[in-house]
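Chain and residue survey
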Amino acid sequence: MVAAFGYNRLATPDARSGSTPTRSLTVVYCLGLATALMIGLRFEVGGDWIPYLGIYDQIQLMDFSQAIMSYDPAYSAIVFIAGRLDSGIWLANLACGVIMTFSIIRFCSRQPNPALTFLVAVPYLVIVVGMGYTRQAVAIGILLAGLADVDRQSTVKLIVYVFIAALFHKTALLVLPLILAPVFRRSVLQSIFGVIVFVALFFLFLRSQTDDLINNYIDSDYASSGAVVRVAMNIVPAVIAIVLRKKMRFSAYQDDMWTAFAVVALLTLPLVLTVSFTTAIDRLALFLIPLQIAILPRLPYVFAGSRSLNAQLTLAVCAYSASVQMVWLVFATNAEFWLPYRAFFINAG
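Residues numbered from 1 in each chain as written. Predicted model: local features only at pLDDT ≥ 70, side-chain atom pairs only at ≥ 80, totals over all residues. Heavy atoms only, no water.

This part is about the overall build of the chain. Helix and strand counts for the chain come out as 19 helices and zero strands. Looking at the chain as a whole, 54% of its 349 residues are labelled buried. For the chain, the proportion of contacts with a sequence separation of at least 24, taken over those separated by at least 6, is 75%. When the accessible area of the chain is evaluated, it comes to approximately 15,200 Å², of which 68% is carbon and sulfur surface. (Helix = DSSP H or I, 4+ residues; strand = E, 2+ residues; numbered from the N terminus. Buried < 20%, exposed > 50% of the residue type's maximum accessible area, 1.4 Å probe, protein only. Contact = heavy atoms within 4.5 Å. Areas by Shrake-Rupley, 256 points an atom, 1.4 Å probe, with all protein chains shown as cover.)

Here it is as structure tokens:
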């Protein structure tokens, strides 16, 4: 929060996403390093700790080719190497924490207030997702890195980022149509190219697992706990993104892209309230989290007619993020799996 106010200033031309703020990012990188260590060195923290430990143990019984074919390739490779170094799961968690955190910082560094943007990411993306859903967290982080300075000229580079994200969690591919939405709207030829790429990547990553995904996320009657709340968290930035679209100071490409994210986010709320397969909607909502990180930290620069108003709105965004953290810690049914925080080098063994 202190760092966020250190970056507090009136909107300037460098507030457009894709440009680098003039102030030093040293503080943000230091915060990122501390965060990566917190994620990587945790011990028995997070709702999926036991399942991921099971994946780690199973991969140690495989050769490399079996490992990358059995689970998401990039994550499997990291776990395989950690096992061969006999480090335990902490090294795999640390590698994933570093990739995720500094990918987020790449996105933050292109925003008008990098520290405030990082602060908005902490309560849910960093703590809940980063220390609970490791593979999804890395995939979302890589997607954010790709979205940092995206424009019409960087479409191929963006597809590469999506491809890398899919190596950590295959469902990251579902975000590709949203990211390429501005291209689809402006160019028929590029739209055809985008569809071909999406179909090719889908068959490469998801074809063999389609039946499992349908069985686990759609056909089953399992309802994801807290899905409505997590979906609702995307509604606030979605409404802001649409209502204040022309005041957000995004580039033309990003303006269209975040609008596409917002529309899908709004559609998920009636779905999660009416369908039985809330787990599928909940997992999709995870990949809409970038909308929160892109929109909420820009509010101080939408209405800021003076430095004092800018500060008040910055405080409001900080308060909102603190409220999200407090509500989750107090009311989430599975928050006990994150509390208390324990470090690997103190508790293991």
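So that's the structure; there's more coming.
Now for the confidence of the model for the chain. On average, residues of the chain carry a pLDDT of 83, and 80% of them reach 70 or more. Of all secondary-structure elements in the chain, the lowest mean pLDDT belongs to helix α13 (residues 210-219), at 46, while helix α6 (residues 89-108) reaches the highest, 96. Residue range residues 213-223 is modelled with pLDDT below 50. Its contacts to residues more than four positions away, or to other chains, number 15 contacts. (pLDDT = per-residue confidence, 0-100.)

What follows deals with helix α3 (residues 49-59). For α3, the set of buried residues is Trp49, Tyr52, Ile55, Tyr56 and Ile59. Seen from one end, α3 has its buried residues packed into an arc of 125°, which puts them on one side. (Arc of directions from axis to C-beta.)

Bringing the environment of Leu329 into the picture now. By secondary structure assignment, the location of Leu329 is in helix α18 (residues 307-331). Separated by 206 residues in the primary sequence, Leu329 and Pro123 have C-alpha atoms spaced 9.7 Å apart. Not counting the four nearest positions on each side in its chain, Leu329 is found in contact with Ala335 and Leu339.

Right, let's get into unusual backbone geometry. At the junction of Leu339 and Pro340, the peptide bond is cis and its omega measures out at -10° in the coordinates. Mapped onto the elements of the fold, Pro340 is located in the loop between α18 and α19 (344-347). Its identity as a non-glycine residue notwithstanding, Asp86 has a phi of 55°, on the positive side. If you trace the backbone, Asp86 turns up in the loop between α5 (73-84) and α6. Look at Arg249: it is not a glycine, yet its phi comes out positive at around 65°. Residue placement: Arg249 occurs in the loop between α14 (227-243) and α15 (252-274).

Evaluation of the coordinates by the stated rule reveals seven salt bridges. For Arg135, the salt bridge is made with Asp72, and the minimal N-O distance between the two is 2.9 Å. Remark: Asp72 occurs in the loop between α4 (64-70) and α5 and Arg135 occurs in helix α8 (residues 134-147); sequence separation between them is 63 residues. Exposure remark for Arg135: the relative accessible area of 18% places this residue in the buried category. Among the charged side chains, a salt-bridge network with shared partners connects Arg245, Lys246, Asp255 and Asp256. (Salt bridge = Lys/Arg side-chain N within 4 Å of Asp/Glu carboxyl O.)

Another point: the packing of aromatic side chains. For the structure shown, the criterion picks out nine aromatic pairs. Taken together, a centroid distance of 6.0 Å and an interplanar angle of 70° make the contact between Phe43 and Trp49 edge-to-face. The buried category is assigned to Phe43, whose relative accessible area is 14%. Given the relative accessible area of 8%, Trp49 is considered buried. With a centroid separation of 6.3 Å and an interplanar angle of 40°, the aromatic rings of Phe250 and Trp258 are classed as tilted. (Phe/Tyr/Trp six-rings, centres within 6.5 Å; stacked < 30°, edge-to-face > 60°.)

A word on the environment of Met248. Mapped onto the elements, Met248 comes out in the loop between α14 and α15. Residues Met248 and Phe303, 55 residues apart in the sequence, show an inter-C-alpha distance of 9.9 Å.

So, about the nonpolar core. Core analysis: the largest hydrophobic core is formed by 102 residues, its most contacted members being Ile104, Leu125, Val129, Ile179, Trp258, Phe261 and Leu291. Element by element, the count of residues in this core is highest for helix α7 (residues 114-129), at twelve residues. Beyond its immediate stretch of four places on either side in the chain, Leu291 contacts Asn234, Pro237, Ala238, Ala241, Trp258, Phe261, Ala262 and Ala265. Core analysis: the next-biggest nonpolar cluster, separate from the first, contains five residues, Ala227, Val231, Val272 and Ala285 among them. (Core = buried A, V, L, I, M, F, W, Y, C linked by side-chain atoms within 4.5 Å.)

Nonpolar side chains collect at one region of the surface, where Met326, Val327, Leu329, Val330, Phe331 and Leu339 lie side by side and expose about 590 Å² of accessible area between them. With respect to the element layout, Val327 can be found in helix α18. The exposure class of Val327 is partly exposed, given its relative accessible area of 40%. (Patch = residues over 30% accessible without salt bridge, like charges linked within 9 Å, V, L, I, M, F, W, Y side chains within 5 Å.)

So, about the environment of Ser251. Along the polypeptide, Ser251 turns up in the loop between α14 and α15. Since its relative accessible area comes to 18%, Ser251 is described here as buried. Spatially, the C-alpha atoms of Ser251 and Asp151 are 7.6 Å apart, while their sequence positions differ by 100 residues.

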